[in-house]
Amino acid sequence: MSGHDHDHDHDDVDLLRWPDALGPEWTCEAAAAAPGHESTLIIRRAGSQVATVDVMRIVDSEFAATYPSGLRDRLLLPHAGAPAEAIQLASESVMDADPACRRLVMACAEDDLETIGIAETAGYRFVVEVDLHRGSFALLTAEPAWVLEESRNIDEVPTV
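Residues numbered from 1 in each chain as written. Predicted model: local features only at pLDDT ≥ 70, side-chain atom pairs only at ≥ 80, totals over all residues. Heavy atoms only, no water.

Colleague: I keep staring at the overall build of the chain and nothing clicks. Help me out?
Modeller: From N to C terminus, the chain includes 4 helices and 7 strands. Of the regular secondary structure in the chain, the N- to C-terminal order runs α-β-β-β-β-α-β-α-β-β-α. Classification of the 160 residues of the chain by burial places 34% in the buried group. Considering only contacts within the chain whose residues lie at least 6 apart along the sequence, 52% involve residues at least 24 apart. Put simply, the chain shows about 9,500 Å² of open surface, and 53% of that area lies on carbon and sulfur atoms. (Helix = DSSP H or I, 4+ residues; strand = E, 2+ residues; numbered from the N terminus. Buried < 20%, exposed > 50% of the residue type's maximum accessible area, 1.4 Å probe, protein only. Contact = heavy atoms within 4.5 Å. Areas by Shrake-Rupley, 256 points an atom, 1.4 Å probe, with all protein chains shown as cover.)

See the structure below:
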């Protein structure tokens, strides 16, 4: 094996692993929803606000027709400067609030490698690039454990 081959020698489970739980110093609370959004979350660390994340249903967003989305799927819109921990905690909060939600999506400008990296650190994985009138975006998704487990067992579909 050459020196760079091992970089791609990943087990699929590792690629889908959710980040470790954050400590109790991280908190997430709902605020008054921004106009046009389902909810707005304020994330604090040790009592100090570190990020704001708006949440909306994908079907109500400009990304509704860019990939197959469900009615309960959510688009997370972190405000500029949101760290990965804040996005992770907001994502966990949204999934906890709606256990039937199958997918969370973040849309990053396709050339914004820093934000894409932050989303990946927060538990998201790249899925597809899409073009809208206002630009090109990388869509990254996060899914609850039950959805990931369901997709891993695709070869074990009952036939009776």
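Colleague: I tried to follow the packing of aromatic side chains on my own but got confused; where do I start?
Modeller: Aromatic ring pairs are reported here in terms of the distance separating the ring centres and the angle at which the planes meet. Summed over all chains, the structure comprises 1 aromatic pair. Taken together, a centroid distance of 5.3 Å and an interplanar angle of 85 degrees make the contact between phenylalanine 63 and phenylalanine 137 edge-to-face. One end of the pair, phenylalanine 63, is in the loop between strand E3 (48–57) and strand E4 (74–78); the other, phenylalanine 137, is in strand E7 (residues 135–142), and 74 residues separate them in sequence. (Phe/Tyr/Trp six-rings, centres within 6.5 Å; stacked < 30°, edge-to-face > 60°.)

Colleague: So what exactly am I meant to see when it comes to the pattern of salt bridges here?
Modeller: Pairing is possible between side chains that carry opposite charge, provided their charged atoms lie close to one another. Tallied over the entire structure, the rule returns 10 salt bridges. Glutamate 29 is the partner of arginine 44 in a salt bridge, and the nearest nitrogen-oxygen pair spans 2.9 Å. With arginine 44 in strand E2 (residues 39–45) and glutamate 29 in strand E1 (residues 26–31), this residue pair connects regions lying 15 residues apart in the sequence. Its relative accessible area of 22% is what places arginine 44 among the partly exposed residues. When the shortest N-O distance is used, the salt bridge between arginine 103 and aspartate 73 registers 3.3 Å. Placement of arginine 103 in the loop between helix H2 (84–97) and strand E5 (104–109) and of aspartate 73 in the loop between E3 and E4 is noted, with a sequence separation of 30 residues between them. Aspartate 73 gets classed as buried once you look at its relative accessible area, which sits at 3%. Within the structure, one salt-bridge network assembled from shared partners comprises Glu38, Arg72, Arg74 and Asp98. (Salt bridge = Lys/Arg side-chain N within 4 Å of Asp/Glu carboxyl O.)

Colleague: Mind showing me how you'd approach the sheet that holds E5 here?
Modeller: Strand-to-strand pairing in sheets goes through backbone hydrogen bonds, with the strands running parallel or antiparallel. Read across the open sheet, the 7 strands follow the order E1-E2-E3-E4-E5-E7-E6; overall the sheet is mixed. Whereas interior strands pair on both sides, the edge strands pair on one side only; in this sheet they are E1 and strand E6 (125–132). Geometrically, the sheet is characterised by an average inter-axis angle of 30 degrees between neighbouring strands, direction not taken into account. Relative to the sheet, H2 contacts E1, E2, E3, E4 and E5, its axis offset from that of E1 by approximately 60 degrees. (Pairing = 2+ DSSP bridges. Axes fitted to C-alpha atoms, helices over the stretch in contact; angles between N-to-C directions.)

Colleague: Can you walk me through the confidence of the model for the chain in this structure?
Modeller: The predicted structure's coordinates, where accompanied by low pLDDT, should not be read in detail. Summary statistics for the chain give a mean pLDDT of 84 and a share of 80% for residues scoring 70 or more. Counting contacts from residues 1–14, a segment whose pLDDT is below 50, to residues more than four positions away or on other chains yields 3 contacts. (pLDDT = per-residue confidence, 0-100.)

Colleague: Sorry, what's going on with the side chain of threonine 141 here?
Modeller: Of note, threonine 141 is situated in strand E7. A relative accessible area of 6% places threonine 141 in the buried class. In this structure threonine 141 touches Arg103, Leu104, Val105, Gly123, Tyr124, Arg125 and Val127, once residues within four positions along its chain are discounted.

Colleague: Mind showing me how you'd approach unusual backbone geometry here?
Modeller: Trans peptide bonds make up most of the peptide bonds, and negative phi angles are found at most residues other than glycine. Of note in this structure, alanine 46 is not a glycine but carries a positive phi near 50 degrees. Inspection of the secondary structure assignment puts alanine 46 in the loop between E2 and E3.

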